[in-house]
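The residues making up each chain are set out below.
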Amino acid sequence: MFDDEIDDDDDLYEGRDYKMAWQRRNLRYQEASLENWIYVGVDVGRPGVSKVGKTTGEMNTRSYGSQNPWFAIKYAFKLRAPMLLSSHASDERVRLGKERNRARVSVIEKAVKEILHGHYRCIHHYTSGKPSEWFEADADCMAALISAFLIERFPNDVIRVGDEHDESTMLMCWKNEELLKKSAMPGYQERGVFSKPLY
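Cut-offs used in this document
- Residues numbered from 1 in each chain as written.
- Predicted model: local features only at pLDDT ≥ 70, side-chain atom pairs only at ≥ 80, totals over all residues.
- Heavy atoms only, no water.
- Helix = DSSP H or I, 4+ residues; strand = E, 2+ residues; numbered from the N terminus.
- Buried < 20%, exposed > 50% of the residue type's maximum accessible area, 1.4 Å probe, protein only.
- Contact = heavy atoms within 4.5 Å.
- Areas by Shrake-Rupley, 256 points an atom, 1.4 Å probe, with all protein chains shown as cover.
- Pairing = 2+ DSSP bridges.
- Phe/Tyr/Trp six-rings, centres within 6.5 Å; stacked < 30°, edge-to-face > 60°.
- Lys NZ or Arg CZ within 6 Å of the ring centre and 35° of its normal.
- Axes fitted to C-alpha atoms, helices over the stretch in contact; angles between N-to-C directions.
- Core = buried A, V, L, I, M, F, W, Y, C linked by side-chain atoms within 4.5 Å.
- Salt bridge = Lys/Arg side-chain N within 4 Å of Asp/Glu carboxyl O.

*Asks:* Explain the overall build of the protein to me, using residue names and the numbers behind them.
*Replies:* For the protein, the helix and strand inventory stands at 4 helices and 8 strands. Secondary structure elements in the protein, listed N-terminal to C-terminal, are α-β-β-β-α-β-β-α-β-β-β-α. The buried share of the protein, taken over its 199 residues, is 39%. Of the contacts formed within the protein by residues at least 6 apart in sequence, a portion of 62% connects residues at least 24 apart. With the model as given, the accessible surface of the protein reaches about 12,000 Å², and the carbon-plus-sulfur share is 51%.

*Asks:* For the pairing of strand S4 (residues 121-124), give the residues involved together with the corresponding values.
*Replies:* Direction of pairing for S4 relative to strand S5 (residues 131-136): antiparallel, over a ladder of 3 bridges. Paired with Cys122 across the strands is Phe135, a residue of S5.

*Asks:* Tell me about the pairing of strand S3 (residues 71-78), residues and numbers included.
*Replies:* The buried fraction of S3 amounts to 8 of the 8 residues, a majority that puts the element mostly inside the structure. Both strand S1 (residues 35-43) and S3 contribute to a ladder of 7 bridges, which runs antiparallel. Each bridged residue has a counterpart across the sheet, and for Gly41 the counterpart in S3 is Ile73. Of the strand pairs in this sheet, S3 and strand S8 (residues 173-175) are connected by 3 bridges, and their pairing is antiparallel. Bridging from a neighbouring strand, Phe77 pairs with Cys173 of S8.

*Asks:* Tell me about the packing of aromatic side chains, residues and numbers included.
*Replies:* In total, this model carries 3 aromatic pairs according to the counting rule given. Taking 6.1 Å as the distance between ring centres and 80° as the angle between the ring planes, the aromatic pair formed by Phe71 and Trp134 counts as edge-to-face. Placement of the pair is Phe71 in strand S3 and Trp134 in strand S5, with a sequence separation of 63 residues. Of the two residues, Phe71 and Trp134, neither departs from the other in class, the shared state being buried. Seen from their ring centres, Phe149 and Phe154 are 6.0 Å apart, and the 75° between their planes marks the pair as edge-to-face. Exposure remark for Phe149: the relative accessible area of 11% places this residue in the buried category. Residue placement shows Lys78 over the ring face of Trp37; its charged tip is 5.8 Å from the ring centre.

*Asks:* Give me the lowdown on the sheet that holds S8, citing residues and values where you can.
*Replies:* The sheet built from 6 strands is open, its strands ordered S4-S5-S2-S1-S3-S8 with antiparallel pairing. Two strands in the sheet have a free side with no partner beyond their single neighbour: S4 and S8. Neighbour-to-neighbour, the strand axes of the sheet open up by a mean angle of 35°, direction not taken into account. Sitting on the sheet, helix H2 (residues 91-117) is in contact with S1, strand S2 (49-58), S4 and S5, with an inclination near 170° to S2. The strands touched by helix H3 (residues 139-153) are S1, S2, S3 and S5; relative to S3, the strand with the most contacts, the crossing angle is about 20°.

*Asks:* So what's going on with the nonpolar core? Which residues, and what values?
*Replies:* Counting 28 residues, the largest nonpolar core has Val112, Leu116, Phe135, Met142, Ile146 and Leu150 as the members making the most contacts within it. Looking at this core, the elements with two or more residues in it are S1, S3, H2 and H3. Broken down by element, the residue count for this core peaks at 6 residues, all from H3. With near-sequence residues (within four places) excluded, Leu150 lies in contact with Phe77, Ile108, Val112, Pro155, Val158 and Leu171. Grouped together as the second largest cluster of nonpolar side chains are 8 residues, Trp37, Ile73, Ala76 and Trp174 included.

*Asks:* Go over the pattern of salt bridges, please, and point to the residues and values.
*Replies:* Counted according to the given criterion, the structure contains 8 salt bridges. We note a salt bridge from Glu136 to Arg121, for which the minimum N-O separation is 2.4 Å. With a gap of 15 residues between them, Glu136 in strand S5 and Arg121 in strand S4 connect regions that are remote in the sequence. Each of Lys51, Glu109, Lys113 and Glu133 takes part in a single network of salt bridges with overlapping partners.

Rendered as structure tokens:
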């Protein structure tokens, strides 16, 4: 998404406070963005195991897994999208921005996995013995740990709801209401992704 594609209703701020106008515009952009997520998934057939993962694309790219038909995303934490670029930005600048974004999201995912290894038992791949993204953990507890960790360790990479200086601040998070109610799940919906923030 480019800077000049955002609807602008900041006439109130124009000419008075350009920084306030830019912050409001950037917040609208971040809230509308559907990319960059750290998610907690479950195997609905195996209670007590949860998976952590990331995507720099839209969450629907991870909302199902052909290798595990019982996989479902239960929580997803929204990370900041790359900075707004002018539509006149060069292809090289756009490419470099995407590369930096992928690298940053990978760093955050790696740090999340490291903290999880300290709290939960990792499930290793059966044939290779290598660690997987699955843990023996309750998804709700795992999500609470990840939320607190992201706020503390990566405060500039998450989107917060409420006063950023308040300790009770919450992360912008999508939660699978149907899975939380343990009812039949509809397909993943991209729009209206954010229900009431979870933490």
